[in-house]
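Overview (structure and organization)
Spelled out from the first residue to the last, the chains are:
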Amino acid sequence: MASRSKSKLWQYWGYGVLAVLLLSLGSAKFGPAVYLVLLGLLLVFVLFTAPVFCGAINRRRGSLVEFCRNNSNGLILGCHLRQHKWQKFGRDWWSLGWRQKSEGLWTGGQAKMATLSFAVGTVVSVVGLFK
């Protein structure tokens, strides 16, 4: 049981990177290279490992698009269904408008946390680079 809870907790490692970024904002211990590495780690977390919903297109009904609600890893990768793995980069994804593309960023609490953590991490990194 202990190893299972440890692996469950490990899937949120990117929020630790965000915490380090936020805590480093008040000190001058980090150089620009460290901020860039931490921002890169946060980007990898958000795009490929953060626990979120899949968000791939299930079906279209006129102008209404229905997205997949299965669990996924990262905002870019799809769920366990083979069609959804890389569908976000396929023809269907590129034909959508920006409103429909960004809809998956805000579907559920986990996706909101991942999106907001990257936005906050980016702002903190930029501030850290220029202080």
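Shown above is the structure to which this text applies.
Quick summary incoming for the structure in this document.

Cut-offs used in this document
- Residues numbered from 1 in each chain as written.
- Predicted model: local features only at pLDDT ≥ 70, side-chain atom pairs only at ≥ 80, totals over all residues.
- Heavy atoms only, no water.
- Helix = DSSP H or I, 4+ residues; strand = E, 2+ residues; numbered from the N terminus.
- Buried < 20%, exposed > 50% of the residue type's maximum accessible area, 1.4 Å probe, protein only.
- Contact = heavy atoms within 4.5 Å.
- Areas by Shrake-Rupley, 256 points an atom, 1.4 Å probe, with all protein chains shown as cover.
- Expected span 1.5 Å × (residues − 1).
- Phe/Tyr/Trp six-rings, centres within 6.5 Å; stacked < 30°, edge-to-face > 60°.

With that settled, the discussion passes to the overall build of the protein. Secondary structure summary: the protein contains 6 helices and 4 strands in total. Mapped in sequence order, the helices and strands of the protein form the string α-α-α-β-β-β-β-α-α-α. Every one of the 131 residues in the protein was classed for burial, and the buried ones make up 32%. Taking contacts inside the protein between residues at least 6 apart in sequence as the whole, the part at least 24 apart equals 59%. About 8,500 Å² of surface is accessible on the protein, with carbon and sulfur atoms providing 66% of the total.

Turning next to helix α6 (residues 109-129). Between its terminal C-alpha atoms α6 stretches 30 Å, which fits the 30 Å expected from 21 residues at 1.5 Å a residue. Within the span of α6, buried status applies to Ala-111, Ala-114, Thr-115, Ser-117, Gly-121, Val-124, Ser-125 and Gly-128. In the core, the buried residues of α6 are packed alongside α2 (13-24), α3 (32-49) and β1 (51-53).

With that settled, consider the packing of aromatic side chains. Enumeration according to the criterion identifies 3 aromatic pairs in this entry. Relative to Phe-45, the ring of Trp-13 lies with its centre 5.4 Å away and its plane at 70 degrees, an arrangement referred to as edge-to-face. With a gap of 32 residues between them, Trp-13 in helix α2 and Phe-45 in helix α3 connect regions that are remote in the sequence. By relative accessible area, which is 24% here, Trp-13 ends up partly exposed. Take Phe-45: its relative accessible area is 0%, and that puts it in the buried class.

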